[in-house]
Amino acid sequence: MRIEREQQEAAREDEPDERRRPAFRPDVEGLRAVALGLVLLYHAGVPWFPGGYVGVDVFFVVSGFLITGLLLSGAERHGAVSLLRFYGRRARRLLPAAAVVVLAVCLAAVQWMPPLERRNVAADAVGAALYVTNWQQAGRAVDYSAADAEASPLQHYWSLAVEEQFYLAWPLLVLAVLWTFRKVRGGGTGPARTGGDGRPSLLGRFGLRARLAVALGALAAVSFVHAVRLSAEEGGVAYFSTFTRGWELAVGGLLALVPAAAWRRALPAARTGALAAGALAAAGLAAVAYAGLRFDDATRFPGPWGLLPVLGTAAVIAAGCGLAAHPVARLLSVPPLRYAGRISYSWYLWHWPAVVFVPLALDRELSVRWMLVVVAAAALPAALTHRLVEEPVRRARVLLPTPRALAVGAACTAATVLVAAGSWISAPTIALATAEQARGAAALADEDQPQRTAKALRPLPEKATDDRGKVHDDGCLAGQQETESGDCAYGNTGGSDTVVLFGDSHAMQYSPALEKITERRGLRLVTLTKSACTPAQVTVFNNQLQRTYTECDEWRDNALDRIEDERPALIITGTQDVKTVVEDGKRLSGKESAKAHQKGYEETMDDLLGTGATVLTLADNPYPPEDIPSCVSGAVRDLEDCAFSEADGYGYEPVSARANAKFDEVALIDPKPVMCKDGTCPAVIGNVIVYRNGAHITASYMETLTDWLDSQLPRVT
């Protein structure tokens, strides 16, 4: 009977009784629509909104405000917070719609994605179900091998993961503060404990809201400082981290802690209050709009520039907390905006899968105009999900008792994980080619036509990304925050003559062949390579770190000193030709970067020639227009679908070749003859996958180039 009575009481508290809730804010509902609109415009590729990603920050502030208001209402009414009841409400509200979209994405992946991408989507589905997508994305942000990976149709779940992690942690903090509050007050309902003079103790003078504000304010300050630091050092990780986003939700929470009486005094119903509220809200909207229009992918975010949209959103919310009615609130409360805000959760869930899958289904890229149509059309499944899933589950009386609500959430998570596992297991695979089957480059010379089918491959498509060779596995491709290379000696390490391989990952990829050649010739091979770092004497922008790549400059200087100390007989240098050069703190355009990159490479070649060594330059290789392992995984019966033309593969400025042309004494090694034939660049040659990710060559294919590369190198002994 007691359990039944408690469930009935919980059900009554979950009933949509406005008297039991914080006052409903139609302007906040409209503000959700503004946030959604910014995200939709950004993901549609509208050029006027390069900072539309700030819509997510608006959502964070709104969520922090609303959730804190709900928790505070319960704490002040009952003197306690029921964690299970809170989590049950969140489960009913969020998990069913999220699960429906994830399940739909898994089914769409089976229909329109090759097996490898289908498996990646399955892994992302598990991450989405467990609300850890933001950490998956943060890991990819620092993984150079994942830099050119296809966009996941579930990557937008990162922001939901941040919110869910906040929902898990924030009630625990409220409980902790409540506990200290009750301890100080001697039980929770009586007067505050007093000191020796009969007056309330120092802690007793602070009410619950004040203590929550101190705790939340301290966490916000720590999170913001961390966001500023990490945004300057590792922008990709900072963007997705819960710890750098927590302050945004905390700002909304702090607003909810301000007593209603304080808002009424600050923004009374009088004309002056209305003017002040209107000005505050207008300034807040202007700040959000400015961020959407002026920010871009180079903006240090979420700190410190996240302050602009976050405080702007806070200003709009604060303006509506008083008694004064103002024009901005009326604008945000118009029915179309309110409806868009009401279904914004489902619309957000559906829009990004639409952006990914519609072009795949149509088998063509879409213009910005058509992408706008796509994100707008996502309103239809969003409205249906809201009407048929969100609202019925949230309001179903049978699900109001907390145990049933939690069971619904657990069922949604379990169903998603099971479907994802099924999608992973059922994805077709192919056999691993034997050493005899994996002919590689030799087949390109022997066969008149590119390979059309394959019964076995090396490496397997799902293993291609990791097919990087011993040098990489040994840590001799210096990480992006490292400034020195280790010993990294290969070949005949006791040889009297040294060969140095100097450059970035496009140089490092030649190491599997060079290891064999130098061992065969009795030479010592020293690899001085660093991820995304050109040997050219220019400062470049790092896309993973989202900042100027200062570590590259320092590593290059150290590597050049090391080369002088090594006194090599032969220096082989190579780089990815496409780099973004930074001058005077600004990123140069594509053509300007190519010119500066070439000039810097010429300076490096001149310095290398000054060592007295023979110098060779590796020309850059073709750039595939799509992810090759993924394409091959779904095209083993028609590999021509994954081949591409030389014109497409070499659609960049040939910086290395042009720099090399300035020096008659520097030979050029061009891999085009062993990568392409008759104007076509195959994805698979002699049962070997050529590219592991982006424009990086697999170690397996490079090993088959050993004899060819040996013929290109001069004798140095």
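Look up: the structure comes first, before these words.
My aim in this report is to walk through the structure given alongside it, one point at a time. None of the values given here were measured: they were computed from a predicted structure.

### Things to note about the state of the cysteines
Here is step 1 of the chain: Counting across every chain of the model gives 4 disulfides.
Here is step 2 of the chain: In this model, Cys-476 is linked to Cys-488 through a disulfide, with the two sulfur atoms separated by 2.1 Å. Across the S-S bond of Cys-476 and Cys-488 the torsion is about -95 degrees, and the bridge reads as left-handed. Of this pair, Cys-476 sits in the loop between α21 (470-473) and β3 (477-478) while Cys-488 is found in the loop between β3 and β4 (489-491), placing the two residues 12 residues apart along the sequence.
Here is step 3 of the chain: Classification of Cys-476 by relative accessible area gives buried; the value is 7%.
Here is step 4 of the chain: Paired by a disulfide, Cys-631 and Cys-642 hold their sulfur atoms 2.1 Å apart. Disulfide Cys-631 to Cys-642: torsion about the S-S bond roughly -95 degrees, handedness left-handed. Of this pair, Cys-631 sits in helix α26 (residues 628-633) while Cys-642 sits in the loop between α26 and β13 (644-645), and the two are 11 residues apart along the sequence.
Here is step 5 of the chain: The buried category is assigned to Cys-631, whose relative accessible area is 12%.

### Section: the side chain of Ser-633
Here is step 1 of the chain: With respect to the helices and strands, the residue Ser-633 is situated in helix α26.
Here is step 2 of the chain: Here Ser-633 falls in the buried class, since its relative accessible area comes to 14%.
Here is step 3 of the chain: Among the polar contacts listed, one links the side chain of Ser-633 to the backbone nitrogen of Leu-116, at a separation of 3.0 Å.
Here is step 4 of the chain: At 2.6 Å, the side chain of Ser-633 forms a polar contact with the backbone oxygen of Ser-630.
Here is step 5 of the chain: When residues no more than four places from it in sequence are discounted, the contact partners of Ser-633 are Pro-114, Pro-115, Leu-116 and Pro-461.

### Let's talk about helix α12 (residues 271-294)
Here is step 1 of the chain: The end-to-end C-alpha distance of α12, which contains 24 residues, comes to 34 Å, matching closely the 34 Å that a straight helix rising 1.5 Å per residue would cover.
Here is step 2 of the chain: Turning to α12, its buried residues number three or more, namely Gly-273, Ala-277, Gly-278, Ala-281, Gly-284, Leu-285, Ala-287, Val-288, Ala-291 and Gly-292.
Here is step 3 of the chain: Tucked into the core, α12 has its buried residues touching α2 (26-43), α3 (55-78), α13 (307-319) and α14 (327-332).

### Quick look at the pattern of salt bridges
Here is step 1 of the chain: In this structure the tally under the stated criterion is 25 salt bridges.
Here is step 2 of the chain: With a shortest N-O distance of 2.5 Å, Glu-390 and Arg-93 are connected by a salt bridge. Here the residue Glu-390 occupies a position in helix α18 (residues 379-395), and Arg-93 occupies one in helix α4 (residues 83-112), the gap between them amounting to 297 residues.
Here is step 3 of the chain: A relative accessible area of 3% places Glu-390 in the buried class.
Here is step 4 of the chain: Across the salt bridge formed by Lys-579 and Asp-504, the nearest N and O atoms sit 3.2 Å from each other. One end of the pair, Lys-579, is in the loop between β9 (570-574) and β10 (582-583); the other, Asp-504, is in the loop between β5 (498-503) and α22 (505-508), and 75 residues separate them in sequence. Neither Lys-579 nor Asp-504 differs from the other in exposure class; each is buried.

### Observations regarding the pairing of strand β12 (residues 614-618)
It is a general feature of regular strands that their side chains alternate between the two faces of the sheet.
Here is step 1 of the chain: Burial within β12 is extensive, with 4 of its 5 residues counted as buried.
Here is step 2 of the chain: Examined bridge by bridge, β12 and strand β14 (residues 667-669) share 3 bridges and lie parallel to one another. Residue Leu-618 lies in a different strand from β14, and its bridge partner there is Ile-669.

Reading the values: rules and limits
Residues numbered from 1 in each chain as written. Predicted model: local features only at pLDDT ≥ 70, side-chain atom pairs only at ≥ 80, totals over all residues. Heavy atoms only, no water. Disulfide = S-S within 2.5 Å. Helix = DSSP H or I, 4+ residues; strand = E, 2+ residues; numbered from the N terminus. Buried < 20%, exposed > 50% of the residue type's maximum accessible area, 1.4 Å probe, protein only. Polar contact = N/O pair within 3.5 Å; in protein donor to acceptor, adjacent residues only side chain to side chain. Contact = heavy atoms within 4.5 Å. Expected span 1.5 Å × (residues − 1). Salt bridge = Lys/Arg side-chain N within 4 Å of Asp/Glu carboxyl O. Pairing = 2+ DSSP bridges.

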